[in-house]
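Report on the structure
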Amino acid sequence: DAEVNAYRRQLEVRVAGFEPPRPIQTFGQCGFDHTLLGAIKRAGYEKPTPIQAQALPAVLSGRDVLALAKTGSGKTAGFVLPLLVHVLDQPEPGKGEGPIALVLAPTRELAEQIHKEARRFAKPYALRVCAAFGGLSKFEQVKELKAGTEAAVATPGRMMDLVRMKACTLGRVTYVVLDEADRMLDMGFEQQVRSLLGQVQPDRQTLLFSATMPKKVEGLVADVLSNPVHISVGQLGA
Ligand code: ADP
Ligand code: MG
């Protein structure tokens, strides 16, 4: 309706796809529990950024989402907060069971930032978020993964290694995030990303975040997202 359209214009948010949900104005409209709302407040997040305002309700509704917004726009919380809701809804993984949520990012630095953000919001729930990227002990990663973990934040190369070593299976994954998909493809990780997704059940929820939308990303979107809500904020590069 007109009110929703006006609010989207104000946020500079554009949406496409089948019946996109209404954007939210406050975190209180997300249906988060007191624990998570408290953690959001402690993080100093007073209201959702434009990408969060539209992506949070779309992701929380269980839809696949393509979200395009420039660096620094708050994309991480857009997939981390619903990730927690998603894993809290499921029985906790036991020993030898793989993660429920998998986040892939192109570099160790980016994966590290996501891991930090995820840990911060997971902490009050004692959820386990495993880091699977270079620069950390692979031995420790294998141990953590084998003990059972709700979520893994990984670079594609390290995740492939760990899967090959049978330190981790992806059979329980139902929530996948491809963050900075444009950079991930630029860096030559397309085959690894596709191979990892091939090991995840097809009825998963898949989210793809990117700052730009080059042809290669369009191809990936067409192949790995199903009936997605497309969201973009502001003016984007090609
Ligand atoms: P992106 O992934 O789009 O580059 P980030 O998720 O890294 O952006 O967020 C950029 C910065 O904004 C981070 O320091 C993060 O803590 C902060 N941030 C995220 N969401 C909010 C919010 N709703 N209010 C205030 N700051 C936020
Ligand atoms: Mg980011």
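Residues numbered from 1 in each chain as written. Chains lettered and ligands numbered in written order. Predicted model: local features only at pLDDT ≥ 70, side-chain atom pairs only at ≥ 80, totals over all residues. Heavy atoms only, no water.

The chain goes by RNA helicase in an unreviewed UniProt entry, where it is assigned to Raphidocelis subcapitata.

1. Some details on the sheet that holds strand E3 (residues 101-104)
Quick note on the threshold: Two strands qualify as a pair provided DSSP detects at least 2 bridges between them. The helix and strand labels rest on DSSP assignments: H or I over at least four residues marks a helix, E over at least two residues marks a strand, and numbering proceeds from the N terminus. Helix axes are fitted to C-alpha atoms over the stretch in contact, other axes to C-alpha atoms as well, and angles between N-to-C directions run from 0 to 180 degrees. Residue contacts are counted whenever heavy atoms from the two residues lie within 4.5 Å of one another.
Read across the open sheet, the eight strands follow the order E1-E8-E2-E7-E6-E3-E5-E4; overall the sheet is mixed. Two strands lie at the open edges of the sheet, namely strand E1 (13-16) and strand E4 (129-132), each paired on one side alone. Within the sheet, the average angular offset between the axes of one strand and its neighbour, ignoring direction, is 15 degrees. Note that strand E6 (residues 175-178) and strand E7 (residues 205-210) share four bridges and pair parallel. Bridge pairing links Val177 to Leu207 in E7. In this fold helix H6 (residues 138-147) packs onto E4 and strand E5 (151-154), with an angle of close to 145 degrees to the strand it touches most, E4.

2. Overview of the pattern of salt bridges
Note the following rule: What makes a salt bridge here is a side-chain nitrogen of Lys or Arg within 4 Å of a carboxyl oxygen of Asp or Glu, nothing more. Think of it in three bands: with a 1.4 Å probe and only protein chains considered, a residue is buried below 20% of the maximum accessible area for its type, exposed above 50%, and partly exposed in between.
By the definition in use, this model includes ten salt bridges. Of the charged contacts, one joins Glu117 and Arg120 as a salt bridge, the two residues approaching to 2.9 Å between their closest N and O atoms. Of the two residues, Glu117 and Arg120 both sit in helix H5 (residues 108-122), three residues apart, roughly one turn of that helix. Glu117 sits in the buried class, given a relative accessible area of 10%. Classification of Arg120 by relative accessible area gives partly exposed; the value is 39%. For Glu140, the salt bridge goes to Lys143, with nearest N and O atoms at 3.6 Å. Here Lys143 and Glu140 lie together in helix H6, a separation of three residues that amounts to about one turn. Through salt bridges with shared partners, a single network forms among Lys138, Asp161 and Arg164.

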